[in-house]
Amino acid sequence: MTALQGLVDSSRPTGQAGYSFAYLPDDAKREVRRALLKAVCIPGHQVPFASREMPVARGWGSGGLQVTLSVVEPDDTVKVIDQGDDDSHNAVALRELVGGTTGVTTTTDAREATLIQTRHRVPEDALQEEALLVFQVPIADPLRTVDPRPSVTRRLHGEGDYSAVWLYLYEDHARLGRSSFAHSYPCQVEGGYVMTPSPIPRYDVARLDGAPFVALFGAGREATVYAVPPYTEVKPLAFDDRPFEPEAFDQPCWRCRSDASYRVEETVGEEIRLVCSDTDWCRRRAGGRRP
Amino acid sequence: MYTTVKELNGAIGAAIRLAERGNGSRPVTSGRTGSTSLARLLPLLVDQVMAESGIIEAAVAARAIEQADGDTSRAVSLVRAWGACLPRFGRSRVTLATDLEVSRRITPALQRPEGGQYLGASRDFLPRLLDLDSDDSSTAPGPGPNDGMDRQAPEGATPALFPRAAEPLESEGVIAAPHPVAAPLDRTRTAAGAGHGRGAFLQALARAETGAMTAVAYTGVRGDGGGGGDPTLMELRAGSVPVRVTHPSSGRPFVVGRMEVTTAETALYRMSRGDADQSVTDSRFTLGVGVTVGSLERRAIAASFLDARVARSCGDPAGTAQVPADDEEWMLLALDGQEATGFVEHLKLPHHVTFSSDLDRVRAVAAGQDPALPLSDEEHS
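Caption draft 1: Focus on empty space enclosed by the protein. All told, the structure shown has three cavities of 30 Å³ or more when counted by the stated rule. Around the largest cavity, the lining comprises 18 residues; the ones closest to its centre are A:Gly59, A:Trp60, A:Gly61, A:Val137 and A:Pro138. Elements with a contribution of two residues or more to the lining of the largest cavity: α3 (62-71) and β8 (214-219) of chain A. In terms of residue count, α3(A) provides more of the lining of the largest cavity than any other element does, three residues in total. Of the residues assigned to the lining of the largest cavity, the class counts are five nonpolar, ten polar and three charged. The volume enclosed by the second largest cavity comes to roughly 60 Å³. B:Arg187, B:Ala204, B:Arg207, B:Ala208, B:Met331, B:Leu332, B:Leu335 and B:Asp336 together form the lining of the second largest cavity. Secondary structure elements with two or more residues in the lining of the second largest cavity: α7 (197-207) and α10 (328-334) of chain B.

Caption draft 2: View of the packing of aromatic side chains. Scanning the entire structure with this criterion turns up ten aromatic pairs over all chains. Centroid distance A:Phe135 to A:Phe217: 4.5 Å. Interplanar angle 10°. Geometry classified as stacked. Here A:Phe217 lies in strand β8 and A:Phe135 lies in strand β5 (residues 132-136), a separation of 82 residues in the sequence. Given a relative accessible area of 0%, A:Phe217 falls into the buried group. Relative to A:Phe244, the ring of A:Tyr185 lies with its centre 4.7 Å away and its plane at 75°, an arrangement referred to as edge-to-face. Of this pair, A:Tyr185 sits in the loop between α6 (163-176) and β6 (187-189) while A:Phe244 sits in the loop between β10 (234-236) and β11 (263-268), placing them 59 residues apart in sequence. On the basis of relative accessibility, which here comes to 3%, the residue A:Tyr185 falls in the buried class. The structure contains a cluster of three or more aromatic residues connected by ring pairs, namely A:Tyr168, A:Phe181, A:Tyr185 and A:Phe244. Sitting over the ring of B:Phe343, A:Arg221 keeps its end group 3.5 Å from the ring centre. For A:Arg273, the ring lying beneath its charged end belongs to A:Trp254, and the centroid distance is 3.5 Å.

Caption draft 3: Structural view of the sheet that holds strand β1 (residues 47-48) of chain A. Residue and element names in this part refer to chain A. The seven strands are arranged β1-β9-β8-β5-β4-β2-β3 in an open sheet whose pairing can be described as mixed. Looking at strand neighbours, the two that pair on one side only are β1 and β3 (105-106), the edges of this open sheet. Packing against the sheet, helix α2 (residues 26-41) makes contact with β1, β8 and β9 (224-228), and its axis sits at approximately 40° to β9.

Caption draft 4: Layout of the confidence of the model for chain B. Residues and elements named next belong to chain B. Considering every residue of chain B, the mean pLDDT works out to 83; 79% of them sit at 70 or more. pLDDT under 50 marks residues 26-31. Its contacts with residues more than four places away, or in other chains, come to seven contacts. Counted against residues more than four places away or in other chains, residues 139-153, with its pLDDT under 50, gives 19 contacts. This complex was scored by the predictor with a pTM of 0.89 and an ipTM of 0.90.

Caption draft 5: Spotlight on the packing of α2(A) against α3(A). All names here are of chain A. At a minimum axis distance of 9 Å, the contact between α2 and α3 shows a crossing angle of 100°. Accordingly, the angle class assigned to the pair α2 and α3 is roughly perpendicular. Here Ala 28, Lys 29, Val 32, Arg 33 and Leu 36 of α2 lie close against α3, whose contacting residues are Gln 66, Val 67, Leu 69, Ser 70 and Val 71. Tallied by class, the residues present in the contact of α2 with α3 amount to six nonpolar, two polar and two charged.

Caption draft 6: Broad picture of the interface of chain B and chain A. Listed per partner, the contact involves 62 residues of chain B and 71 residues of chain A. Across the chain B/chain A interface, buried area totals approximately 5,700 Å², and carbon plus sulfur atoms make up 58% of it. Joining chain B to chain A, the criterion identifies five salt bridges. A salt bridge links A:Glu53 to B:Arg80, with the shortest nitrogen-to-oxygen separation between them at 2.8 Å. The interface formed by chain B and chain A holds 25 residue pairs in polar contact (both at pLDDT 80 or more) in total. In terms of residue count, helix α12 (residues 352-367) of chain B provides more of the side of chain B that touches chain A than any other element does, twelve residues in total. Per-class residue counts for the side of chain B that touches chain A are 29 nonpolar, 16 polar and 17 charged.

Caption draft 7: Region of the structure containing the environment of B:Asp224. Residue and element names in this part refer to chain B. Mapped onto the secondary structure, Asp 224 falls in the loop between α8 (210-221) and β2 (231-246). For Asp 224 and Asp 326, which are 102 residues apart along the polypeptide, the C-alpha to C-alpha distance reads 9.4 Å. A distance of 2.7 Å separates a polar atom in the side chain of Asp 224 from a polar atom in the side chain of Arg 222.

Caption draft 8: Highlighting the nonpolar core. Counting residues in hydrophobic clusters, the biggest one holds 35 residues, and the most contacted among them are A:Phe135, A:Met195, A:Leu208, A:Phe213 and A:Phe217. Of all the elements in the fold, those that place two or more residues in this core are β5, α5 (150-158), α6, β6, β7 (194-195), α7 (202-208), β8 and β9 of chain A. Element by element, the count of residues in this core is highest for β8(A), at three residues. Leaving out residues up to four positions away in the same chain, A:Phe213 has contacts with A:Val122, A:Leu127, A:Gln128, A:Ala131, A:Leu133, A:Arg207, A:Leu208, A:Val228, A:Pro229 and A:Pro230. Listed in part, the 32 residues of the second largest apolar core include A:Leu24, A:Val47, A:Val225 and B:Ala81.

Caption draft 9: View of the packing of helix α3 (residues 43-53) of chain B against helix α4 (residues 58-67) of chain B. All names here are of chain B. Look at α3 against α4: their axes get within 9 Å of each other, and the N-to-C directions meet at 100°. Here α4 runs roughly perpendicular to α3, going by the angle between their axes. Residue-level inspection shows Leu 45, Val 46, Val 49 and Met 50 of α3 in contact with α4, the latter providing Ala 58, Ala 61, Ala 62 and Ile 65. Residue composition of the contact of α3 with α4, grouped by class: eight nonpolar, no polar and no charged.

Caption draft 10: The arrangement of the pairing of β8(A) in detail. All names here are of chain A. The buried count for β8 comes to six of six residues, which makes it a mostly enclosed element. Covered by surrounding structure in β8 are Val 214, Leu 216 and Gly 218 together with Ala 215, Phe 217 and Ala 219, the residues of both alternating faces. The sheet contact formed by β5 and β8 spans five bridges and is parallel. Within the sheet, the bridge partner assigned to Val 134 lies in β8 and is Leu 216. Bridge analysis of β8 against β9 gives five bridges, and the strand direction is antiparallel. Bridge pairing in β9 places Ala 215 opposite Val 228.

Caption draft 11: Fine view of the pairing of β2(B). Residue and element names in this part refer to chain B. Sheet topology places strand β1 (residues 101-106) next to β2; five bridges connect them, and they run antiparallel. Bridged to Ile 106 within β2 is Leu 236. As paired strands, β2 and strand β3 (residues 253-268) are joined by 15 bridges and run antiparallel to one another. By the bridge assignment for β3, Val 241 is matched with Met 259. What sits between β2 and β3 in their antiparallel hairpin is a turn of six residues, with Gly 251 showing a positive phi close to 75°.

Calculation notes
Residues numbered from 1 in each chain as written. Chains lettered and ligands numbered in written order. Predicted model: local features only at pLDDT ≥ 70, side-chain atom pairs only at ≥ 80, totals over all residues. Heavy atoms only, no water. 1 Å grid on protein atoms, 1.4 Å probe; cavity = no way out; pocket = protein on both sides within 12 Å on 5 of 7 lines; lining within 4 Å. Points joined across faces, edges and corners; volume = space filled by probe spheres on them. Helix = DSSP H or I, 4+ residues; strand = E, 2+ residues; numbered from the N terminus. Nonpolar A, V, L, I, M, F, W, Y, C, P; charged D, E, K, R; others polar. Phe/Tyr/Trp six-rings, centres within 6.5 Å; stacked < 30°, edge-to-face > 60°. Buried < 20%, exposed > 50% of the residue type's maximum accessible area, 1.4 Å probe, protein only. Lys NZ or Arg CZ within 6 Å of the ring centre and 35° of its normal. Pairing = 2+ DSSP bridges. Contact = heavy atoms within 4.5 Å. Axes fitted to C-alpha atoms, helices over the stretch in contact; angles between N-to-C directions. pLDDT = per-residue confidence, 0-100. Parallel < 35°, antiparallel > 145°, perpendicular 65-115°, else oblique. Buried area = accessible area lost by both parts, 1.4 Å probe. Salt bridge = Lys/Arg side-chain N within 4 Å of Asp/Glu carboxyl O. Polar contact = N/O pair within 3.5 Å; in protein donor to acceptor, adjacent residues only side chain to side chain. Core = buried A, V, L, I, M, F, W, Y, C linked by side-chain atoms within 4.5 Å.

Structure below.
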């Protein structure tokens with residue numbers, strides 16, 4: 001056990017809770033930051049990186065977490081949401097991990113946050129240039145739908161050959177009368193690479209287009225990052241005569257009466273209500289009442 | 001119906017307390033029962049966690065198993081995350097197969113290999129009868145270290161270093177040279193991407209989830225994908241190998257420790273099914289190599305078989321593998337236990353935003369407002 005104790009001791013650099021600032025060792029952060037720089041320079045391009053094993057399971061935000069912990073600075077204010085909700089268990093656990101290993105201020109108010117780690121939503125507040133959005137990505141490759149082999153899709157991306165996705169889209173319209181892409185709608189970034197905008201709903205895809213903030217995407221299990229820099233075109237693939245359709249809602253939010261937010265269903269007794277998925281934004285609009 | 005499970009009243013803390021109390025339905029984990037005794041009681045479980053973690057430290061693995069209530073996937077996750085924050089001081093020098101100090105050696109392909117066979121410690125031939133009487137079956141006398149000596153072994157030989165059983169056949173030229181040559185590569189510190197080659201694949205197999213790797217190997221052994229002939233296990237050996245590093249100032253190799261490993265070499269008939277038009281035929285054997293930490297032998301056997309299958313089909317055009325056992329790319333994606341269990345279990349996370357997007361599509365299509373595009377047979381053919 002002496003050898004073990006030596007190993008354990010040597011793994012404890014100075015810093016909060018026995019770990020480095022923001023948990024990751026410096027060489028791991030450097031690896032992620034290099035990949036992110038490349039990603040920002042080549043919008044929408046999937047950049048491989050040496051994804052570390054994190055203290056959360058693969059597929060539970062390990063990629064978003066590596067991005068967040070690699071870019072967070074001591075004066076950041078951090079917000080973490082899951083499905084738009086700050087109170088979701090997963091969001092709470094990740095927020096505590098980020099807060100606990102950095103000591104940074106955390107918030108639920110998107111307007112105060114300088115760094116937002118999100119699972120599958122863009123907050124309803126109009127985010128500004130100061131904001132950094134970190135998306136947790138389960139499936140990084142939009143071409144997975146048409147070919148499961150990375151060796152093939154890498155080549156297709158390299159050659160800009162997106163005909164298979166266009167064909168898929170065409171067949172959807174021919175058979176279903178519509179596109180079947182729900183969330184994860186494939187988008188072309190600045191006329192170049194086609195990317196999957198993490199599984200955010202189509203409603204949010206439109207809000208990435210030309211947005212003033214930096215959007216960073218981290219897929220830990222798939223060991224890939226990609227990015228959309230500020231003021232970059234994000235164009236969902238669609239035919240000229242078959243326009244892209246965001247989700248449609250037939251009722252306003254039951255709580256805050258918004259008819260311009262992304263809403264999800266809630267069943268209370270027999271009644272199905274629509275409520276905003278961005279809970280903090282909705283709460284503020286509804287006058288502070290907790291959802 | 002799709003309301004998020006919320007952390008409003010300390011629900012996470014309560015759930016953790018329930019789990020740690022054992023929820024009343026199973027025995028309470030009594031905290032630190034002593035990882036050392038766990039390592040002694042369940043050595044193969046500890047081996048599995050060390051192998052799948054890629055981190056060889058029995059006391060750490062045992063502690064992780066305990067902390068994870070025996071869930072090997074979670075134990076591996078704990079160990080790997082711990083290791084991910086440890087500094088890397090360097091890499092070891094190449095250890096040769098013949099450096100392995102053998103405590104067990106069997107050669108199913110060869111009746112009388114040079115040096116003989118040595119059964120060593122094994123329960124292979126113990127009838128699988130559940131013993132409900134004994135409190136602690138692990139105290140039953142197993143084969144001792146000097147049992148099972150093959151009579152064909154030289155009289156008085158001490159089991160130690162042996163030549164590889166396949167060596168004479170390699171000299172004769174009936175086994176193809178290792179191919180492609182494996183260059184060591186650490187996938188955990190190297191960006192994923194194309195063309196990492198056999199070294200990366202062997203590392204992936206060394207860390208692969210035991211059950212997943214065994215299942216894929218099984219499909220191949222039972223004949224999926226064809227390719228001519230059964231695999232033959234040339235040699236299975238277990239024992240310890242020295243870990244040597246280069247001294248930073250003198251540049252000389254020195255031993256920093258030893259580790260227990262099991263290695264397997266499997267021969268497949270026919271090296272290559274030839275190129276696309278079958279004009280090339282290579283009828284030599286292909287040898288696959290599998291190595292695992294500890295003595296969970298099916299890990300080494302499965303890995304050696306899969307290495308041989310991939311080596312044999314490496315001359316085939318890319319993307320033409322018909323079954324998983326021939327498909328290196330597929331196995332790299334599927335066999336890591338952490339990636340698999342994490343992603344399958346992530347389905348427990350809330351998905352109401354994406355599900356409501358799905359619902360929107362399903363309802364829109366059901367409503368059928370837009371007529372389908374005209375699509376002629378000609379266009380569709």
